[in-house]
Amino acid sequence: MLKNAIVVMFDSLQFNYLGCYGNTWIKTPNFDRLAREGVLFENAYTEGLPTVPCRRAMHTGRFTLPVSGWVGLSAQDTTIADLCWGRPIDTALIFDCPMYRLPKFGYTRGFDKVWFTHGHEADDYFYESDPLLHYDPRDYVDQESYDAYVAKTSEKAAQYTMNEVTNYLRQRQHWRGEQDRYVTRTFKKAVEYLENVDRTKQFYLWVDSFDPHEPWDPPSVYKIDANGNYDPDMKCPYDPDYTGKDVFLPFSTVVDGVFTEEQLRHVRMLYAELITLCDKQFGLFLDAVRRLGLEENTLLIMVADHGEPMGNGEWGHGIMRKTRPWPYEELAHIPFIVRGPGIAPGQRIKAFVQSVDVAPTVCEWLGIGVHPDMQGKSLLALARGEVDKVRDFAVAGYYRYSWSIITDEWSYIHWLKDDEKSVAESMFEIYGKGTLASSSHLADNPLAKAGPQMNAEQRKAKNTAATGYGEGDAALDGEQQWTCTPGSIAEVPARDELYSRIDDIDQLNNVASRHPEVAAELLKKLRLFMSELRAS
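Residues numbered from 1 in each chain as written. Predicted model: local features only at pLDDT ≥ 70, side-chain atom pairs only at ≥ 80, totals over all residues. Heavy atoms only, no water.

Moving on, we come to the side chain of His59. With respect to the helices and strands, the residue His59 is situated in helix 2 (residues 51-60). Discounting chain neighbours no more than four positions away, the residues touching His59 are Thr78, Thr79, Ile80, Tyr100, Phe111, Tyr204, Trp206 and Ala359. (Helix = DSSP H or I, 4+ residues; strand = E, 2+ residues; numbered from the N terminus. Contact = heavy atoms within 4.5 Å.)

We now examine the sheet that holds strand 14 (residues 410-415). Spatially, 12-13-14-17 is the arrangement adopted by the 4 strands of the open sheet, whose pairing is antiparallel. Since the sheet does not close on itself, it has two edges, and those belong to strand 12 (394-398) and strand 17 (497-500), each with one partner. Ignoring strand direction, the axes of neighbouring strands in this sheet form an average angle of 15 degrees. Relative to strand 14, helix 16 (residues 516-535) is tilted by about 70 degrees, and along the sheet it contacts strand 12, strand 13 (402-406), strand 14 and strand 17. (Pairing = 2+ DSSP bridges. Axes fitted to C-alpha atoms, helices over the stretch in contact; angles between N-to-C directions.)

Attention now goes to helix 4 (residues 143-152). Looking only at helix 4, the buried set comprises Ser145, Tyr146, Ala148 and Tyr149. Sitting at the amino-terminal end of helix 4 is Asp142, which places a side-chain oxygen 3.1 Å from the backbone nitrogen of Glu144. (Buried < 20%, exposed > 50% of the residue type's maximum accessible area, 1.4 Å probe, protein only. Polar contact = N/O pair within 3.5 Å; in protein donor to acceptor, adjacent residues only side chain to side chain.)

Next up on the list: the pattern of salt bridges. Applying the stated criterion to the full structure yields 30 salt bridges. Its salt-bridge partner being Arg321, residue Glu214 comes within 2.8 Å of it at the nearest N-O pair. With a gap of 107 residues between them, Glu214 in the loop between strand 5 (202-209) and helix 7 (219-222) and Arg321 in the loop between strand 8 (319-320) and helix 9 (329-332) connect regions that are remote in the sequence. Its relative accessible area of 0% is what places Glu214 among the buried residues. With its nearest N and O atoms 2.7 Å apart, the salt bridge here joins Arg391 to Asp357. Residue Arg391 is located in the loop between helix 11 (380-383) and strand 12, and its partner Asp357 is located in the loop between strand 11 (347-354) and helix 10 (358-366); the two are separated by 34 residues in the primary sequence. Classification of Arg391 as buried rests on a relative accessible area of 13%. The buried category is assigned to Asp357, whose relative accessible area is 0%. Each of the salt bridges in this network shares a partner with another, and the network as a whole consists of Asp11, Arg55, Asp208 and Asp305. (Salt bridge = Lys/Arg side-chain N within 4 Å of Asp/Glu carboxyl O.)

Counting residues in hydrophobic clusters, the biggest one holds 127 residues, and the most contacted among them are Tyr204, Trp206, Phe282, Phe285 and Phe336. Per-element tally for this core: the top contributor is helix 8 (residues 261-291), with 15 residues. Among all residues touching Phe282, those that are not within four sequence positions of it are Val8, Phe10, Asn30, Phe31, Leu34, Phe187, Leu300 and Met302. (Core = buried A, V, L, I, M, F, W, Y, C linked by side-chain atoms within 4.5 Å.)

Let us now look at the packing of aromatic side chains. On inspection of all chains with the given rule, the structure shows 34 aromatic pairs. Where Trp175 meets Tyr182, the ring centres are 5.6 Å apart and the plane angle is 85 degrees; that geometry is what we call edge-to-face. In this structure Tyr182 comes out as buried when scored by relative accessible area, which is 0%. Both rings, one in Phe187 and one in Phe285, keep their centres 5.5 Å apart while their planes meet at 55 degrees; by these two values the pair is tilted. (Phe/Tyr/Trp six-rings, centres within 6.5 Å; stacked < 30°, edge-to-face > 60°.)

Our focus in this paragraph is the confidence of the model for the protein. Parts of the prediction with low pLDDT should not have their coordinates interpreted in detail. Residue-level pLDDT values for the protein average 90, and 88% of them are 70 or greater. Within the model, pLDDT remains below 50 along residues 421-478, and this stretch shows 146 contacts once partners closer than five positions in the same chain are excluded. (pLDDT = per-residue confidence, 0-100.)

The next subject is unusual backbone geometry. Of the consecutive residues Asp211 and Pro212, the connecting peptide bond is found in the cis state with omega at 10 degrees. You can see Pro212 is positioned in the loop between strand 5 and helix 7. Of note, the amide linkage connecting Glu214 to Pro215 takes the cis form, showing an omega dihedral of 15 degrees. Among the secondary structure elements, Pro215 is positioned in the loop between strand 5 and helix 7. Positive phi is not limited to glycine here, since Ala122 has a value of about 70 degrees. In this structure, Ala122 sits in the loop between strand 4 (113-116) and helix 4. Its identity is not glycine, yet Arg321 carries a phi of approximately 70 degrees, on the positive side.

Relative to the helices and strands, Val221 is located in helix 7. Owing to a relative accessible area of 3%, Val221 belongs among the buried residues under this scheme. Sequence separation between Val221 and Cys236 is 15 residues, and the spatial gap between their C-alpha atoms is 7.7 Å. Discounting chain neighbours no more than four positions away, the residues touching Val221 are Tyr140, Trp216, Asp246, Phe248 and Leu270.

Turning our eyes to something else, we now look at the packing of helix 1 (residues 29-37) against helix 8. Here helix 1 crosses helix 8 at 50 degrees, and the two axes come no closer than 7 Å. Between helix 1 and helix 8, the crossing angle belongs to the class labelled oblique. When helix 1 is examined against helix 8, the residues Pro29, Asn30, Phe31, Arg33, Leu34 and Glu37 are found in contact with a partner set consisting of Ile275, Asp279, Lys280, Phe282, Gly283, Leu286, Asp287 and Arg290. A per-class count over the contact of helix 1 with helix 8 returns 6 nonpolar, 2 polar and 6 charged. (Parallel < 35°, antiparallel > 145°, perpendicular 65-115°, else oblique. Nonpolar A, V, L, I, M, F, W, Y, C, P; charged D, E, K, R; others polar.)

Have a look at this one:
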């Protein structure tokens, strides 16, 4: 049997906005049906955050967190597509995520066929010379929020977001319905690929949808229904009573003083509406896979790179968008579903899986072998019930800023400090200090009380919020870049944090001071693991 593999990536898709992951109010029938037909991994985590490090890990099967951040593929990296070269396997990348094509990053490398949809973040400039005739950006920005954001940052910082809003509107003024949305066009092209691929050969298809990444402008924002009809009374189905402006691209900042709770909730409901649209287009893609008879010999993986912080408490720990390098649950915990021949349907597996497991799983399924450099684990044996787990814990974080470890009972976040320098510099030095000395800063002290702390590397990489992407080293193609979110500041809390996963899965009650022995042991385990990864 010729075996094929499809990976479908959704950017910024938070796991608990899916019905199959326990959400009771959102409509995601197609994500849910995939879960019923395959295996859902309940504890899936991205190791290196955000967009670019995650994709590097998924394509190469290697952890990025201890070694690098927002960087391109290196000549030493071996991707799934590289391994398919020289074999009778057709490879295709169909995407609208602009980060794949950042200058010199090379993430489209090795694919036989590549197709890109213009317009998303970091590519909105493609439309910046188009005249804006039919929308007014001020209709989508709350004036009080604007003034509060300027007071916190600067007029220049606010104008950067306004420029983004304007460029998005330049595109959308010509849209005539959901058929023009990025996710729709991307999946339409993916279906075309399936319809025309040589069925006498194997294929490997990667579909990368940047939706539901912001801007969160689903159909209700532009009052255009599924049939392309203008409906001035159209409301967000998840927030029909809201009367304020549809702020589809909110300022990326600490939310207090800038947004009201009502505004924050509406942003989340626009996000949810966009997820429902993604679900619809994904469903049409699944229908095509079935119609073409590909379910019989095709492994399909649906996964996200990360979630999204969008408010206070469990919604975002006080921030909007990825404006701080904080690997909390709402960001690091991802949906991960696998369906394929020989995999019993309807399974829910609690064992820890990670973003690095995508590459070895695909490689084993295609029969090309798991490359010896891959540090991730193939999940096929786990999905088939042949093993109970592939690891004892998961890790997540931002290179140079934060590490976290997630076990069955606990989650622990370690904020990298001045004396740890960069990960590469401190990896082996750190053991000379002793665990107790290195963990002496542990305390039950949330950010709201302790205030932020920036180490030397963080100060160097700080995006001042006055310059959009920042100045100096923080460039789109430089190692100091750690996020694509304008106005971000690379600051972290002053104290490490420990949370119980038994009764505080949302990480709201830091209990490090109550369980210092647990915190010290997890920090020791985390550092040892990072050291081992760095050495391998």
